[in-house]
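# Survey of secondary and tertiary structure
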Amino acid sequence: MHPRTIGFAVGVMLAAIGAVVGAQSAVTTPAAHFGFELGGDGHYAMWGQTAAYFEKLDRESDRVETRVLGKSTLGQPFLLVTISSPQNLAKAARYKDIARQLADPRGLTPQQVDALAREGRAVVLVTLGLHSTEVASSQMGPLMAYRLATSNDERVRTILDNTIFLLIPGFNPDGQDIVGEWLKKSAGTPYEGSGPPELYSAYVGHDNNRDGYMLSQVESRHWAKVAYHEWYPQVYMDVHQMGSYGSRISIPPKYDPINPNVDPLVWRGSQLLGGAMGTVLEAENVTGVESQVHFDAWFMASFHTITNQLNIPGFHTESASARQIWPLYIHPQQLQPASRGRPEYKAQMTFPHPWPGGWWRQGDIVRQQEISTLALVEAAGRYREMFQKNRAISASRQVERGATEAPYAHVIPLRQHDPGTAMKFVSTLMLSGVEVHRVVDGFSTSGRVVEAGDLIVRLDQPARALVKSLIEPLIYPDNDWTRRRDGFPLRPYDMASFTLGDHMGVESFGVVEKLTAKLEKLSMPPKLTGKISGSGAAGWLLTPTWNDSFRAVNRVLKAGGAVHRLQHPPEPWAPGTFWIPAGGSTNASTVQALANELGLPFTAVASPPVSRAWRLRPLRVGLYRRYLGGNMDEGWTRFLFDNWEFPYARVEADEIRSGGLNARYDAIVFADDDLRSILGAEPREQAPPVYANAELPAEFRKGVGEAGVQALKEFVQNGGSLVLLDGATALATERFGIPVKNVLAGLSARDFFAPGSTLRVSVDNSQPLGYGMPKNALILFFDSAAFDIGNSLSNDRISVVARYGDRDLLRGGWLDGEKHLAQQAALLDVGYGRGHLVLVGFRPQNRTQTQGTFKVLFNALYQAGATEVAPGGF
């Protein structure tokens with residue numbers, strides 16, 4: 001090349017570099033945008049400000065692209081921010097395709113995998129702000145993004161050149177504002193530093209991180225679209241906070257036990273990345289860094305754990321909390337050992353440099369979160385080929401095991417107790433990237449008939465681990481990792497059983513012979529075709545075994561139509577079958593529309609059925625709302641009611657205490673809760689303000705109290721139904737004077753232990769609370785209750801609707817002390833005056849996952865206010 005040409009080329013190159021540097025230097029700083037230093041004492045950015053800043057970065061930096069994925073539950077923009085070099089962003093579509101191929105490498109040769117990994121970039125997904133009271137990460141995001149948008153240091157260049165960094169800066173935009181409003185309101189008051197008085201989301205609060213595989217919330221589905229259907233990341237991390245008095249930050253890997261279905265290479269990836277994070281944190285003089293404590297790798301309900309089932313090393317960090325956005329002083333002697341993995345607050349291999357104590361601030365949390373997050377992304381970038389290939393290796397191993405180890409597939413037959421719920425289960429699997437096939441030609445396997453149209457989930461697919469974990473029950477390990485040295489059981493981080501198919505009541509069976517049948521792969525979630533069979537114009541019969549039948553009935557009642565439940569219908573109809581007479585707004589076209597939309601089977605008949613029946617009335621339901629930070633189970637119940645179209649009103653303590661409840665309600669529901677929270681916290685002796693714990697104001701600490709208990713007694717005696725879920729059943733057993741006791745109350749975990757386990761019960765489905773349930777059912781027992789009935793002169797007024805057997809009660813999870821459950825009641829209908837006490841000793845609607853027992857709650861609502869009619873009395 002001619003020297004003059006060389007000089008011109010160099011000049012152009014230098015000018016281009018200068019233009020890039022100049023462009024990045026023109027990016028608005030977070031301080032200039034927000035008007036304060038993010039992470040500073042007492043400062044907090046609301047979501048609108050944060051979203052506006054990321055939109056500004058999109059305009060001002062060629063390294064940042066901000067995209068609105070959709071709306072949050074309350075209508076806020078839900079963002080995905082993609083950060084990389086301009087060159088990588090220009091080829092984003094190609095890198096997406098490479099990541100997709102490596103996530104499912106079937107058909108690729110090893111050489112092709114290597115070539116794709118050389119060409120591709122490490123795709124790393126990080127989410128912030130999921131738990132909104134863990135305030136720092138939502139404030140850290142803009143600072144970290146600004147650094148990546150403007151800096152040219154070696155770490156940033158490594159990240160930009162070698163990774164596609166996907167950042168969801170606000171996993172819970174609604175919660176960020178709910179918390180922010182409370183922080184403003186409580187600032188400078190005795191309640192400064194407390195959390196908000198109610199849930200920090202529309203429905204579920206902290207439990208949003210228990211929606212990782214059900215994907216029921218709209219925010220969860222936005223995340224799943226990125227993780228499973230668009231970008232296929234090789235690494236995922238979620239950023240959290242924890243209590244104040246232990247380590248300063250917990251990093252991967254997690255603690256034992258591990259889920260046995262996950263490929264070992266996934267756990268090794270977590271170890272490598274955790275090591276990189278810990279090394280950088282130590283080099284940056286961050287002390288109190290800890291790994292392999294607290295958080296077990298069995299847990300799979302969260303986003304950062306469910307990804308391990310899909311060959312993505314997934315984990316989270318947990319930083320010690322300050323006093324929300326205000327500093328907290330901690331004395332050295334206040335620093336505590338870990339719940340597991342670290343017996344004392346001293347240096348050990350997984351905790352080599354303890355923090356000495358002192359002031360702890362939001363800014364400290366922000367700093368260590370930024371350092372650890374960038375260390376993670378940098379490490380993934382430096383090992384980008386390895387992490388891309390590892391995803392392909394793990395996927396290939398799962399495919400190979402599925403092809404060579406029985407069972408080879410699971411059949412989900414269409415002929416089952418509730419086919420509509422089975423289709424919902426399959427749709428949930430497909431949201432997580434699971435392949436599902438439909439049987440084209442029927443066949444037999446191991447004595448079981450598989451019909452054309454049945455669905456099959458093959459196990460020779462990359463998602464094998466997830467399929468096995470959600471369909472095949474697992475028994476929680478009982479070993480040295482899960483017990484203290486004295487034998488006392490160590491509680492799992494969440495539940496012990498996550499078998500969603502069992503919780504939804506879905507019937508399936510494994511295929512232990514090699515599959516040769518003709519199958520077709522589903523491209524869309526399945527939908528049943530509704531129909532009206534039979535003939536006649538008198539009305540329609542509708543099965544009580546389908547959950548969606550209740551949605552249809554609610555529509556009919558809302559439109560002013562009549563609905564009855566048949567106590568003894570003719571064969572083959574089950575007790576509780578719905579009879580919907582024609583008339584008014586209920587006609588053939590409206591029923592056909594319901595059948596089409598909900599996939600339901602209606603049967604038209606020429607004359608009304610001959611049976612005693614319950615005439616339903618439009619529902620008047622009250623759902624108890626307490627504050628004290630809110631009740632997640634109440635939030636999930638609202639979500640369930642809204643989705644199944646049950647009308648309800650939220651009832652607060654003052655309204656209950658005022659009495660006269662029968663004039664407004666036929667049923668009042670108390671979601672799972674402890675008795676103290678229901679009754680209300682006792683007033684505490686006033687402490688000097690400087691030493692007072694941050695509590696909530698009195699109006700947010702009150703409960704129903706004794707006056708409310710009396711009002712509820714009157715409500716039931718006058719014909720109302722009080723529906724008590726799980727822990728709330730103590731309100732009846734301890735305050736209503738009934739001859740029923742919880743036989744598990746007072747037992748230590750050494751004597752009885754069942755933390756979130758799936759148990760077997762028998763159900764009397766001839767009783768109104770059991771209508772539509774199978775005779776043998778699975779329930780979720782989550783530190784729940786079991787009832788013994790004492791002798792009384794009114795034994796006939798207490799009906800046992802569900803009962804435990806003598807033995808072999810455990811289906812999945814962990815059960816110690818089975819003898820305490822033997823032959824005890826799980827579900828009671830207690831007559832009380834002219835009304836009912838419904839005691840549900842399990843979680844019938846837990847996180848809207850336990851769809852196999854939804855009908856128990858639905859039946860309790862329909863029973864309230866229903867009137868009995870004789871045959872022919874329609």
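Quick caveat: nothing in here was measured; it's all calculated off a predicted structure.

### What about the overall build of the chain?
From N to C terminus, the chain includes 25 helices and 38 strands. Its C-alpha atoms give the chain a radius of gyration of 29 Å, within 12% of the compact-globule value 29 Å for 874 residues. In the chain, which comprises 874 residues, the proportion classed as buried is 60%. Partitioning the intrachain contacts of the chain with sequence separation of at least 6 by distance along the chain shows that 82% fall at a separation of at least 24.

### Considering the pattern of salt bridges
Taken as a whole and assessed by the stated rule, the structure comprises 57 salt bridges. A salt bridge links Lys855 to Asp418; its shortest N-O distance comes to 3.8 Å. Placement of the pair is Lys855 in helix 25 (residues 854-863) and Asp418 in the loop between strand 13 (409-412) and helix 15 (419-431), with a sequence separation of 437 residues. Per residue, the accessibility class of Lys855 equals that of Asp418, and both read buried. Between Arg638 and Glu634 there is a salt bridge; the shortest N-O distance is 3.0 Å. Taken as a pair, Arg638 and Glu634 lie in helix 20 (residues 632-643) at a separation of 4 residues, close to a single helical turn. Residue Arg638 is classed as buried on the basis of its relative accessible area, which comes to 7%. Connected via shared salt-bridge partners are Lys424, Asp548, Arg551, Arg555, Glu597 and Glu645.

### Thoughts on the sheet that holds strand 8 (residues 289-291)
Ordered by their spatial adjacency, 8 strands build an open sheet running 1-2-4-3-5-10-6-8, and the pairing between neighbours is mixed. Of all strands in the sheet, those bounded by a partner on one side alone are strand 1 (64-71) and strand 8. For this sheet the average axis-to-axis angle between neighbouring strands, irrespective of direction, equals 20°. Two strands pair when backbone bridges link them, and strand 6 (residues 249-251) and strand 8 are joined in this way by 3 bridges, in the parallel orientation. Paired with Ile249 across the strands is Val289, a residue of strand 8. Of the strands in this sheet, strand 3 (122-127), strand 4 (163-168), strand 5 (235-242), strand 6 and strand 10 (314-320) are in contact with helix 13 (residues 362-382), which crosses strand 5 at around 165°.

### A short note on the sheet that holds strand 22 (residues 564-566)
The strand order across the open sheet built from 7 strands is 20-24-21-23-22-25-38, with neighbouring strands paired in mixed fashion. Two strands lie at the open edges of the sheet, namely strand 20 (531-534) and strand 38 (867-869), each paired on one side alone. Across the sheet, the mean angle from the axis of one strand to that of its neighbour is 30°, orientation sign disregarded. Taken together, the 4 bridges between strand 20 and strand 24 (residues 601-605) define a ladder with parallel strand orientation.

### Concerning the confidence of the model for the chain
With 95% of its residues at a pLDDT of 70 or more, the chain has an overall mean of 95. Low pLDDT, under 50, characterises residues 1-23; the stretch is placed with 3 contacts to residues that sit more than four places away or in other chains.

### So, the pairing of strand 17 (residues 455-458)
As defined by bridge partners, strand 13 adjoins strand 17 across 4 bridges and the pair is classed as antiparallel. Bridge pairing links His410 to Val457 in strand 17. Examined bridge by bridge, strand 14 (residues 437-439) and strand 17 share 2 bridges and lie antiparallel to one another. Opposite His437, over in strand 17, you have Ile456 as the bridge partner.

### What about the packing of aromatic side chains?
All told, the structure shown has 37 aromatic pairs when counted by the stated rule. Consider the rings of Phe34 and Phe36, whose centres lie 6.2 Å apart with planes at 50°: the pair is tilted. Comparing Phe34 with Phe36, the two get one shared label, buried. When the ring of Tyr213 is compared with that of Phe498, the centres are 6.4 Å apart and the planes differ by 80°; the resulting orientation is edge-to-face. In this pair, Tyr213 sits in the loop between helix 9 (173-186) and helix 10 (218-230) while Phe498 sits in the loop between helix 16 (464-471) and helix 17 (500-503), placing the two residues 285 residues apart along the sequence. Accessibility classification places Tyr213 together with Phe498 in one group, the buried group. One cation-aromatic arrangement involves Arg248 over Trp360; the distance from NZ or CZ to the ring centre is 4.7 Å. Lying across the ring of Phe509, Arg448 places its NZ or CZ 4.0 Å from the centre.

### Concerning helix 15
An α-helix turns once per 3.6 residues; consequently, residues spaced three or four apart project the same way. Taking 1.5 Å per residue, 13 residues should reach 18 Å; helix 15 reaches 19 Å between its end C-alpha atoms and fits that length. The buried fraction of helix 15 is high, at 11 of 13 residues. Three or more residues of helix 15 are buried, namely Pro419, Gly420, Thr421, Ala422, Met423, Phe425, Val426, Ser427, Thr428, Leu429 and Met430. Packing partners of the buried residues in helix 15 comprise helix 10, strand 13, strand 17, helix 16 and helix 17. Of the residues trailing helix 15, Gly433 is marked for its positive phi of about 85°.

### Considerations on the side chain of Ser61
Tracing the backbone shows Ser61 in the loop between helix 3 (47-60) and strand 1. When its relative accessible area of 3% is taken as the criterion, Ser61 is described as buried. Of note is the side chain of Ser61, whose polar atom sits 3.1 Å from the backbone nitrogen of Arg63.

### Considering the environment of Gln767
Secondary-structure assignment places Gln767 in the loop between strand 31 (757-763) and strand 32 (776-781). Of the residues examined, Gln767 reaches a relative accessible area of 15% and is grouped as buried. Each C-alpha atom, one on Gln767 and one on Thr189, is 54 Å from the other, the two residues being 578 residues apart in sequence. With sequence-adjacent residues up to four places away left out, Gln767 is seen in contact with Ser799, Val800 and Val801. For Gln767, the side chain forms a polar contact with the side chain of Asp764, separated by 3.0 Å.

### Considerations on unusual backbone geometry
Cis rather than trans, the peptide bond between Asp256 and Pro257 has omega equal to 5°. By secondary structure assignment, the location of Pro257 is in strand 7 (residues 255-258). The linkage connecting Glu571 with the following residue, Pro572, adopts the cis geometry, with an omega of 5°. One non-glycine residue with positive phi stands out, namely Asn285, at about 65°. Mapped onto the secondary structure, Asn285 falls in the loop between helix 11 (264-283) and strand 8. Given a relative accessible area of 66%, Asn285 falls into the exposed group.

### Quick look at the nonpolar core
Tyr213, Trp223 and Trp231 are the most contacted members of the largest nonpolar core, which totals 69 residues. Within the second largest apolar cluster, 62 residues are counted, among which are Phe602, Leu616, Phe781 and Ala826.

### Here we look at the side chain of Ser611
Tracing the backbone shows Ser611 in the loop between strand 24 and strand 25 (613-615). Take Ser611: its relative accessible area is 3%, and that puts it in the buried class. A distance of 3.5 Å separates a polar atom in the side chain of Ser611 from the backbone nitrogen of Gln567. From its side chain, Ser611 meets the backbone nitrogen of His568 in a polar contact 3.0 Å long.

Rules used throughout
Within each chain, residue numbers correspond to sequence positions counted from 1 in written order. Under the rules for a predicted model, residues below a pLDDT of 70 receive no local features and side-chain atom pairs below 80 are neither given nor counted, while totals for whole chains, interfaces and linings still include all residues. Side-chain metrics in this entry use all non-hydrogen atoms of the structure; hydrogen atoms and water are not considered. Helix and strand definitions follow DSSP, with helices as H or I runs of at least four residues and strands as E runs of at least two, each counted in order from the N terminus. Within these notes, the globule rule equals 2.2 Å times the number of residues to the 0.38 power, and the radius of gyration is based on C-alpha atoms. Only protein chains enter the accessibility calculation, which uses a 1.4 Å probe. A residue is then buried if its area is under 20% of the maximum for its type, exposed if over 50%, and partly exposed in between. Residue contacts follow a heavy-atom distance rule, with two residues in contact if any of their heavy atoms lie within 4.5 Å. In the sections that follow, a salt bridge refers to a side-chain nitrogen of Lys or Arg positioned within 4 Å of a carboxyl oxygen of Asp or Glu. When DSSP finds two or more bridges between a pair of strands, those strands are recorded as paired. The axes are straight lines fitted to the C-alpha atoms, using for helices just the contacting stretch, and the angles between their N-to-C directions are given from 0 to 180°. What pLDDT reports is the predictor's confidence in each residue, on a scale of 0 through 100. When the centres of two rings from Phe, Tyr and Trp lie within 6.5 Å, Trp using its six-membered ring, the rings pair. Their planes under 30 degrees apart give stacked, over 60 give edge-to-face, and anything left gives tilted. Over a ring means this: the NZ of a Lys or the CZ of an Arg is within 6 Å of the ring centre and within 35 degrees of the ring normal. Multiplying 1.5 Å by the helix residue count minus one yields the expected span of that helix. Distance and chemistry together define a polar contact, namely a pair of N or O atoms within 3.5 Å, with one atom able to donate a hydrogen and the other to accept it when in protein, and with adjacent residues in sequence counting only for side-chain atoms on both sides. Here, nonpolar core refers to any group of buried Ala, Val, Leu, Ile, Met, Phe, Trp, Tyr and Cys residues whose side-chain atoms link them within 4.5 Å.

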